[in-house]
Amino acid sequence: MASEGFLNKIPGFATLAIHAGQDPEKWNSAAVVPPIVTSTTFKQPAPAEHTGFEYGRSGNPTRNTLEECLAALDKGKHALTFASGLGATTTIASLLSSGDHIVSCDDVYGGTNRLFRRVLDRLGLKTTFTDFTNLESVKNAIKDNTKMIWIETPTNPLLKVIDIAAVSAVAKEKGDIIVVVDNTFLTPYLQRPLDFGADIVVYSLTKYMNGHSDVIMGAAVLNDDALEERLRFLQNAMGVVPSPTDCYFVNRSLKTLALRMEQHQKSSYVIAKWLQNHPKVTEVLHPGLPTHPQYAIAQKQMTGHSGVFSFKHVGGLQESRKFLSSLKLFILAESLGGYESLAELPSVMTHASVPEEQRNELGITHSLIRLSVGLEDTHDLINDLDQAFIAAF
């Protein structure tokens, strides 16, 4: 099994995904499927005396239902949703003030890297990128004005696994530092960062949580009441909120999250093992494989791995282009986590905004290909990869 040696599966996860926040009694109609409430405003019985909702940006019944379910899945007290994953990141970063400092893992989603370097930096928020697989590097990067540590694990696109508990402990030793973990690659089905000391877990719901490649949305889940109050203010004040219709779609998709993640996990493991034995493949970066450098860390904080992983081949840009253009079932496209299988070249696609020098230092070369294994028959996906290798080499 792909999850052998990892944490035990979380009991009751599928039940929570179907029932948390979904009580039909909350609706006058007792609708079993939560309705889409599109109203932007709500009637008040008296001036400034609303009955729970006043304006769509400040709160919406459909959005609140989704947030309640999301909180339950991560075993958190609070969840907030945003118009995109980067919208969630931007809002969380807005907890800080000019002059504050962020320590981020070096291998991180290209959009996060771009936001930190080209937007937050201009606003007076400086970021130090360092290798979080080395705890000494984390400790050395922390300054007196460090207020946030940004973890992505597994990382994108090199799939490095970061010890959440160890980094969180370092942060608490150093002082009042908010630890944020981007859990997009795994979802709470495979990893719950709050259990290991993180303060906030953040998601691009666009990916596995929605899983159908038809919604852009982000979320943050946390336990701290005071921190939630600050984030809730920013969510409303900045207006980075999702539409009720999109909230309905994600809420619907969560009902099959456990089933989907099981299949993504199984298929990606089989394909990763097949790639390991391919003569043109030099390395497979999959945290579920015993050959992964942080396999032991993965086992102690994950229940398994998802469908996204990377591999390196013996060729260069020319072979990568030919390989990717020869695929028939895997679609050459950015993003990940949908029911359909995707393949991409991070060096010129998702991570093109990362400075070339930093890409080279990290090892994001033209021979690194990232896959997002979907829900198709595994045998068909392997055949597709096989014929693409033949075409490219």
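Residues numbered from 1 in each chain as written. Predicted model: local features only at pLDDT ≥ 70, side-chain atom pairs only at ≥ 80, totals over all residues. Heavy atoms only, no water.

(A) Inspection of the nonpolar core at higher detail. If you look at the biggest cluster of nonpolar residues, it comprises 66 residues, and the most contacted ones within it are Leu 254, Leu 275, Phe 309, Phe 311, Phe 323 and Leu 371. Once residues within four sequence positions are removed from consideration, Leu 275 is found in contact with Val 281, Val 284, Phe 309, Phe 311, Leu 371 and Phe 389. By size, the runner-up hydrophobic cluster in this structure holds 42 residues, among which are Leu 80, Val 103, Cys 105 and Ile 200. (Core = buried A, V, L, I, M, F, W, Y, C linked by side-chain atoms within 4.5 Å. Buried < 20%, exposed > 50% of the residue type's maximum accessible area, 1.4 Å probe, protein only. Contact = heavy atoms within 4.5 Å.)

(B) The sheet that holds strand E7 (residues 218-222), seen in detail. Strand order in this open sheet of seven strands is E1-E7-E6-E5-E4-E2-E3, and the pairing throughout is mixed. The outermost strands of the open sheet, each flanked by one partner alone, are strand E1 (78-82) and strand E3 (126-130). Strand after strand, the sheet turns through a mean of 20° between neighbouring axes, direction not considered. Here three bridges tie strand E5 (residues 178-182) to strand E6 (residues 200-204), and the two strands are oriented parallel to one another. By the bridge assignment for E6, Val 180 is matched with Ile 200. Of the strands in this sheet, strand E4 (146-152) and E5 touch helix H6 (residues 164-174), which is tilted by about 160° from E5. (Pairing = 2+ DSSP bridges. Helix = DSSP H or I, 4+ residues; strand = E, 2+ residues; numbered from the N terminus. Axes fitted to C-alpha atoms, helices over the stretch in contact; angles between N-to-C directions.)

(C) Highlighting the packing of aromatic side chains. Taken as a whole, this structure holds eleven aromatic pairs when the rule is applied. Here the aromatic rings of Phe 6 and Tyr 295 are separated by 5.7 Å at their centres, their planes lie at 85°, and the arrangement is edge-to-face. Here Phe 6, found in the segment before helix H1 (13-19), pairs with Tyr 295, found in helix H11 (residues 295-301); they are 289 residues apart in sequence, far enough to count as distant. Each member of the pair Phe 6 and Tyr 295 is classed as buried. Ring pairing ties together the aromatic residues Trp 274, Phe 311, Phe 323, Phe 389 and Phe 393, which thus form one cluster. In this arrangement the basic side chain of Lys 207 is found over the ring face of Tyr 109, its NZ or CZ atom lying 6.0 Å from the centre. (Phe/Tyr/Trp six-rings, centres within 6.5 Å; stacked < 30°, edge-to-face > 60°. Lys NZ or Arg CZ within 6 Å of the ring centre and 35° of its normal.)

(D) Molecular detail of the sheet that holds strand E8 (residues 281-285). Within the open sheet, the five strands sit side by side as E8-E9-E12-E11-E10. Their pairing is mixed. Whereas interior strands pair on both sides, the edge strands pair on one side only; in this sheet they are E8 and strand E10 (331-332). Sheet topology places strand E9 (residues 308-313) next to strand E12 (residues 368-372); five bridges connect them, and they run antiparallel. The partner of Lys 312 across the bridge, within E12, is Leu 368.

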